[in-house]
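Notes for the structure review
The primary structure of each chain is shown beneath.
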Amino acid sequence: MIDLLWLVPVLPLAGAVALLAGGRRLGRGAVVATGTGSVALAFVVAAGAVTDLVANGPAMRGVEVHLFPWLAWGSGSDAVTVAEAGLLLDPLSALMILVVTGIGTLIHLYSSGYMAGDEGFARYYAYLNLFTFSMLVLVLANNLALLFVGWELVGFCSWALIGFWFERKAAAAAGQKAFITNRVGDLGVLAALFLVWANWGTFSFHALPGSTLPGVLDDPARVLATPLVALAIPLLLLLGVTGKSAQIPLFTWLPDAMEGPTPVSALIHAATMVTGGVYLVARVHPLFDQSPEAQLVLGTTGAVTAFVAATIATVQVDVKRVLAYSTVSQLGFMVLGLGAGAYGAAAFHLMTHAFFKALLFLGAGAVIHGVASQQDLRKMGGLIRYMPVTAWTFIVGWLAIIGVPGLSGFFSKDLILARAFGRGLVDPAFLVLFGVALVTVGITAFYMSRLVFLAFLGEYRGGSVHPHEAPPSMLVPLVVLAIGSIGAGWVGIPPFLLGEAGHATVIEQFLAPATLATGTWEGTLDHSTEWIITGLSVAITLAGAGLAGVAYLGEGPISPVVTELVAPFRRLFAGRWFVDEAHGALVIRPLARVASFLASVDVGVVDGAVALVVAGVRGIGALLARLQSGYVRGYAVTMLVGAVAVVASAWALR
Amino acid sequence: MTFALPALDWWAIAPMLVLVLTGCATLVAELVRGDDAGRAPLAWLTVAGASVSGGIALGQWDDPARLAFSDMVSSDRFTLFFTVLFLVVTCVTVLFAFEQLRREDFHPGEFYPLLAFSTIGMVLMAAAADLVITFIGVELLSICLYILVGFSRRRREPEESAIKYLLLGSFASAFLLYGIALVYGSTGTTSLACVGRALGAPGGLVGACEGAVATGSVATGMLLAGIGLLVVGLGFKAALVPFHSWAPDVYEGAPTAITAFMSVGVKAAAFAALLRVFLVAFPTLAPDWSVLLAVVATVTMVTGNTVALFQRNIKRMLGYSSIAHAGYLLVAIVAASHAGAASLLFYAVGYAAMNLGAFAIVVVLGRAGEERVAISDYAGLSQRQPLLAALMATFMFALAGVPPTVGFVGKFYVFSAAVDAGYVWLALAGLASSVASAYYYLRVVYQMYMVDPKEVVASHSPHRWVSLVATVAGFAVIALGVFPGGIIGVATASTSFVR
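Conventions adopted
All residue numbers here refer to positions counted from 1 along the written sequence of the relevant chain. Starting at A for chains and at 1 for ligands, labels are handed out in the order in which the entities are written. This being a predicted model, a pLDDT of at least 70 is required before a residue's local features are given, and a value of 80 or more before pairs of side-chain atoms are given or counted; all residues contribute to the totals for chains, interfaces and linings. Hydrogens and water are ignored here; the side-chain numbers use all heavy atoms of the structure. Exposure above 30% relative accessible area and no salt bridge define the residues that can form patches, which grow by joining like charges within 9 Å and nonpolar side chains of Val, Leu, Ile, Met, Phe, Trp and Tyr within 5 Å. For the accessible areas, the method is Shrake-Rupley and the probe is 1.4 Å, while residue cover comes only from the protein chains on display. Each reported salt bridge corresponds to a side-chain nitrogen of Lys or Arg within 4 Å of a carboxyl oxygen of Asp or Glu. The helix count covers DSSP runs of H or I at least four residues long, the strand count covers runs of E at least two residues long, and both are numbered beginning at the N terminus. One less than the residue count of a helix, multiplied by 1.5 Å, gives the span that helix is expected to have. Think of it this way: the bend at a residue is just the angle between two axes, each fitted to seven residues, one set ending at that residue and the other starting at it. Any two residues whose heavy atoms approach within 4.5 Å at even a single point are treated as in contact. By definition, the buried area sums, over both parts, the 1.4 Å-probe accessible area that each loses when the two are put together. Whenever a nitrogen or oxygen atom comes within 3.5 Å of another N or O atom, the pair is scored as a polar contact, on the condition that within protein one atom can donate a hydrogen and the other can accept it, and that pairs from neighbouring residues in sequence are kept only if both atoms are in side chains. Following the grouping adopted for this structure description, the nonpolar residues are Ala, Val, Leu, Ile, Met, Phe, Trp, Tyr, Cys and Pro, the charged ones are Asp, Glu, Lys and Arg, and the polar ones are all others, Gly among them. In this analysis, rings of Phe, Tyr and Trp, with Trp reduced to its six-membered ring, are considered paired at centre separations within 6.5 Å, and the interplanar angle assigns stacked below 30 degrees, edge-to-face beyond 60, and tilted for intermediate values. Accessible area is worked out with a 1.4 Å probe on protein chains only. A residue is then buried under 20% of its type maximum, exposed over 50%, and partly exposed in between. Counted as over-ring charges are cases with an Arg CZ or a Lys NZ within 6 Å of the ring centre that also lie within 35 degrees of the ring normal. A pair of strands counts as paired when DSSP detects no fewer than two bridges linking them. By definition, the arc is the one covered by directions from the helix axis to the C-beta atoms. Neither His nor the chain ends contribute to the count of charged residues, in which Lys and Arg are positive and Asp and Glu negative. Each residue gets a pLDDT score, which is the predictor's confidence in that residue and runs from 0 to 100. Between N-to-C directions, angles cover 0 to 180 degrees, with each direction set by a line fitted to C-alpha atoms, over the stretch in contact for helices. The labels follow the angle: roughly parallel below 35 degrees, roughly antiparallel above 145, roughly perpendicular from 65 to 115, and oblique for the rest. As used here, the term nonpolar core means buried Ala, Val, Leu, Ile, Met, Phe, Trp, Tyr and Cys residues forming a set that is joined through side-chain atoms within 4.5 Å. As annotated, the domain borders come from an automatic or database domain assignment. Disulfides are defined in this document as cysteine sulfur pairs within 2.5 Å.

What to know about a nonpolar patch on the surface
A surface patch of nonpolar side chains, about 400 Å² in accessible area, is lined by Met1, Leu4, Trp6, Val10 and Leu67 of chain A. Here Met1 of chain A shows up in the segment before helix 1 (7-22).

The structure is reproduced here in structure tokens:
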């Protein structure tokens, strides 16, 4: 079915076009059938194609499907294709299309219940389908330029879907913020794109230096031109990653994006789009492998983001914001894995996270739906009695994310920890990052437990609102995702837990043709070290959860000494480490000042020049000046000055 | 005594001749018909003339490239490419103006002929094989524009901006003429190809170069001053910084149809002339002028994109936006390569689609006596006119360079030509400034989709032709972004004289 791979993105696109064209004329049933059906069909085709790919055997697991030449130079038969519209199916993109279409189908289905009462039902589904198409373009593109098209399109869809409820001022503002912040990141990707072109004259992933994809031209001449460029390209890409995958310093848009509908948060701002940055790095990992410095920056960004976002999550009272910061934090784990060169482990965590975070968001949506759009944790409590299915599936998600042994998060998170530690044996800085990540595991257990305890246990604090369970269309996806959140990790059980020799997990071996780092560390921890790391992380998880239990389930008031002690931290975390303020003070306001200076120059130079000229020639020219009208003289002076400057620099610059 | 008439190649300038006839016919027709009843026929007469002219140009596509009229004009694919582009822009302008003339009670009898004659000026600028013809083209275009810019009789601002444009335009023409004189003084010829040959450029279409002084590819001071003054003169028409001061005022004050015409057509004509002059006459001096133009391009992109952030009037905003786009186009000339030239032609087409589309929406939303050009007038448009809002959003995203629109692909071509020519820093500067541009384009979209309408406006039915233009432009913006191969192929074939 690999020949039909083009159908995977085209089906959701066709759905979007049909929904946009049909609009309000379509009934709700038809809208749901078109929207969900097209993505479900895409999942079926994707599954068929991936089955064929697996049957190919490891050496042949990189298949390109050429559609049509896109960017080309020259005319007629002399035309040279720069970037084609072509798809690449390899283990990495296979994993991604299954996640995108699979989880996408569930979220489409869930939306039919969640958005049932909304006016713009067809429009919502059209955007959702368009998003699915864009994300599939991003992960299936066989070259960097086409990937960037998907990269920008998902940003556009995200903007449209965050602002979907534009009656809410905050939603509209959040959409703007997300788009503009991401444009800053996109600048990095675009610049990297041109540097790649300038250095190798290609955008094809196959032809990148050091590509491990099967069938690569292994040309030793394709090494990086200069050390500066070798460092610049990955760092510029990293800027894009911090935008799309919400890392420091550009992460602040993601929590604000929670103003959008909850299924959108689940699909775009948890499971798929925000992992685009992680996917990008894994996709072009040869460029990162060549620069240990860039890898260290990447790893540090990830670890610090994971830690900072987790601390902020501990003081949030809006259930969706807790999950948003949790997403930022988990993405940080993935980026740490990328920095350690463990691309397979990062992709594995990306997959398990897609399951449990989609589950948690959809569960939160079911809660919000059941308590009359209340999002404040302080007004919930005891919901397990009113909405048992939602509560129990949510608890599965909770256990998965904090890493209780046996559930998916346990395997993928520990794999990243182990790989970071292993990298630390070569590059000691990673030992520090490993430590930060380990502490973050404890904080994660704390804030997630807090969330569950406050929402589902204890007494209901919502007053007169009577909570009710969600409709079946919303519960079915929850159950399916709960099963996935348990089982998705089993493809990554480390050999030492099974008592087998070796280090690489099944999923890493599967991904190896696409993600195996060349020339870097390949995993040489002995099994006893791996046992210790796992033991440590489980112990810290239990400690974090236990602390949350003491704080939020315990009887009686907390000692004032403790309250006093944590107060400054609460302020720091509640202020979100003042990153938004730092943006304002360090970037936005200075830039605005420069821009308004330029603007005033554009008008002011004219006035200034006039004043100068007038002052200079006042003696003889007073009469002359009076004869001239308005601004024109000023414009003319500008031109004259410009002309002199141009002619002078024509001499100077030759 | 026999008087030998030289064999004139009338066919080579047939598209222009048709336009001359069209302009004269509209003048006469207005006299014959007299009153306002002639409005629609005059518009259709102009469109018909432009269509015939364009049809001839398309028919000449496979004719051999040649010089005509004593080596004064080139009849080649470059000329034809721009001729067709200008004619499309002119037809669209007629459709825009038709709506506006009715609304604002303009006098059509002068409007359409002036438009036809200014189109001839633009074609001459693209076809010029001699600096003298370049100058004549610029003047023909400018003099028609001085009147068109001030065409609105009801309001005072248009008159003011017309006077400004006239004064500054004359100033710029003097620079241009002096530049031509200095080039002639240095090389002994005004023929572009002969100047090129004198400076050591290889082959190409060259006529008889009597009097040309071969100087080799070493630039004298006088020649460099001449080149600098040519940059000033043509840069004024293209609205390059620092010769742009007139543009925002004029764009704001002129009737919207003329603003659209200027920001797309006149700009393209100026760049056609710049490309011909710099890549036919001065290719061997590229090391001397490319850094200069790169600096001008950077300043233009940065100024256009930052000052646009502060505009509240959509025509002014689009004015600064078009300054920024002039900067992108100049990047293509800086590359001084065949790829760069082809990318310029591609960008000109893409920019025409995006910008004409955006102006179509501005025209549709205007009403008699009130143009409704504050960006806040677009508040809640998506609720009243969802299709128009969706089209406008498409144009704004395209102008911001978001894929998969032609705005992205065009920038891609232009900047990658610059990168290939070694101007990585210029491409990065362009990218950075285009990122800032997203903010002001998006503000329009924000108003349309995320702000409630201020007032309840009676939804008047938009003029169907202008809406048609917007729809076609919307399709073109997407289609050229997904399938750019056709246009880039034609653009490459049209610039084969560049090496």
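Focus: helix 10 (residues 256-281) of chain B
Given a rise of 1.5 Å per residue, 26 residues ought to cover 38 Å, and the 36 Å separating the end C-alpha atoms of helix 10 of chain B matches this to within 8%. At Met262 of chain B, helix 10 of chain B shows its largest kink, close to 35°.

Considering the interface of chain B and chain A
Across the boundary between the two partners, chain B contributes 72 residues, which contact 52 residues of chain A. Here chain B meets chain A over a buried area of about 5,700 Å², counting both sides, of which 79% is carbon and sulfur. On the chain B side of the contact with chain A, Phe412, Val435 and Met450 of chain B bury the most area, a combined 12% of that side's loss. For the pair chain B and chain A, the interface holds zero salt bridges. On the surface where chain B and chain A come into contact, there are four residue pairs in polar contact (both at pLDDT 80 or more). Per-element accounting of the side of chain B that touches chain A gives the leading share, 13 residues, to helix 17 (residues 424-450) of chain B. Of the residues belonging to the side of chain B that touches chain A, the class tally is 53 nonpolar, 14 polar and five charged.

As for the packing of aromatic side chains
Residues and elements named next belong to chain B. Enumeration over the complete set of coordinates arrives at 46 aromatic pairs over all chains. With a centroid separation of 6.1 Å and 15° between ring planes, the pair formed by Tyr165 and Phe236 is classed as stacked. With a gap of 71 residues between them, Tyr165 in helix 6 (residues 157-187) and Phe236 in helix 8 (residues 221-238) connect regions that are remote in the sequence. The exposure class of Phe236 is buried, given its relative accessible area of 0%. Over the ring of Phe497 we find Arg276, and its NZ or CZ is 5.2 Å from the ring centre.

So, the pairing of strand 1 (residues 63-73) of chain A
Residue and element names in this part refer to chain A. Here nine bridges tie strand 1 to strand 2 (residues 80-89), and the two strands are oriented antiparallel to one another. Directly across from Val63, in strand 2, lies its bridge partner Leu89. With antiparallel pairing between neighbouring strands as the criterion, strand 1 and strand 2 make up a hairpin whose turn holds six residues, including Gly74 at a positive phi of roughly 85°.

A short note on helix 18 (residues 464-482) of chain B
Residues and elements named next belong to chain B. Spanning 19 residues, helix 18 covers 27 Å between terminal C-alpha atoms, matching the ideal 27 Å at 1.5 Å per step. Of all the residues in helix 18, the buried ones are Val466, Ser467, Val469, Ala470, Ala473, Gly474, Val477, Leu480 and Gly481. Down the axis of helix 18, the buried side of the element spans an arc of 165°, and every buried residue falls inside it. Exposed residues lying more than 90 degrees from the buried face of helix 18 are Arg464 and Phe475.

Some details on the side chain of Arg450 of chain A
Residue and element names in this part refer to chain A. Following the sequence through the fold, Arg450 ends up in helix 17 (residues 429-456). With no salt bridge to any partner, buried Arg450 finds its closest opposite charge in Asp376, at an N-O distance of 7.9 Å. Only 3.2 Å separates the side chain of Arg450 from the backbone oxygen of Thr314, close enough to count as a polar contact. Apart from the residues within four sequence positions on either side, Arg450 is in contact with Ala313, Thr314, Val315, Gln316, Val317, Val322, Leu377, Ala548 and Tyr552.

A short note on unusual backbone geometry
With an omega dihedral of 10°, the bond running from Ile248 of chain A to Pro249 of chain A counts as a cis peptide bond. You can see Pro249 of chain A is positioned in the loop between helix 7 (227-244) and helix 8 (253-256). Of note, the bond from Val241 of chain B into Pro242 of chain B is cis; its omega dihedral lies within 30 degrees of zero at 10°. In this fold, Pro242 of chain B is placed in the loop between helix 8 and helix 9 (246-253). Although it is not a glycine, Ala246 of chain A sits at a positive phi angle of roughly 50°.

Concerning the environment of Leu167 of chain B
Assignment of secondary structure puts Leu167 of chain B in helix 6. For the pair formed by Leu167 of chain B and Tyr146 of chain B, sequence separation is 21 residues and the distance between their alpha carbons is 9.6 Å.

Observations regarding the confidence of the model for chain A
The predicted model of chain A averages 84 in pLDDT, with 89% of residues at 70 or higher. Considering only residues more than four positions removed or in separate chains, one finds that residues 617-630 of chain A, a stretch of pLDDT under 50, has four contacts.

Remarks on the packing of helix 4 (residues 121-140) of chain A against helix 9 (residues 262-271) of chain A
Residue and element names in this part refer to chain A. Running from N to C, helix 4 and helix 9 point in directions that differ by 5°, and their axes come no closer than 12 Å. Compared by their axis directions, helix 4 and helix 9 come out roughly parallel. Where helix 4 abuts helix 9, its residues Tyr124, Leu128 and Phe131 lie against Pro263, Val264, Leu267 and Ile268. Residues of the contact of helix 4 with helix 9, tallied by class, amount to seven nonpolar, no polar and no charged.

Thoughts on the nonpolar core
Within the largest apolar cluster, 418 residues are counted, with the highest numbers of intra-cluster contacts made by Phe82, Phe96 and Phe282 of chain B. If one sorts the elements of this core by residue count, helix 13 (residues 338-365) of chain B sits on top with 21 residues. Both domains that furnish three or more residues to this core are identified here as domain 1 (298-574) and domain 2 (586-652) of chain A.

Structural notes on the state of the cysteines
All names here are of chain B. Considering all chains together, one arrives at one disulfide over all chains under this definition. Linked covalently through their sulfurs, Cys194 and Cys209 form a disulfide whose S-S length is 2.0 Å. For the disulfide bridge between Cys194 and Cys209, the dihedral angle about the S-S bond is near -85°, and by the sign convention the bridge is left-handed. Of this pair, Cys194 sits in helix 7 (residues 192-198) while Cys209 sits in the loop between helix 7 and helix 8; the two residues are 15 residues apart in sequence, bridging distant segments of the chain. Residue classification places Cys209 among the partly exposed positions, given a relative accessible area of 22%.

A closer look at the pattern of salt bridges
In the structure shown here, the tally under the stated rule is twelve salt bridges over all chains. Salt-bridge contacts for Arg283 of chain A lead to Asp90 of chain A; the nearest nitrogen and oxygen are separated by 2.8 Å. Taken together, the residues Arg283 of chain A in helix 10 (residues 276-283) and Asp90 of chain A in the loop between strand 2 and helix 3 (91-114) connect sequence positions 193 residues apart. Among the residues examined, Arg283 of chain A registers a relative accessible area of 4% and is labelled buried. Across the pair Asp249 of chain B and Arg316 of chain B runs a salt bridge, and its minimum N-O distance is 3.1 Å. With Asp249 of chain B in helix 9 and Arg316 of chain B in helix 12 (residues 314-334), this residue pair connects regions lying 67 residues apart in the sequence. The class for Asp249 of chain B is buried, based on a relative accessible area of 13%. Taking relative accessible area as the criterion, Arg316 of chain B reaches 18% and is therefore assigned buried. It is possible to trace a salt-bridge network through shared partners that takes in Lys164, Asp249, Glu252 and Arg316 of chain B.

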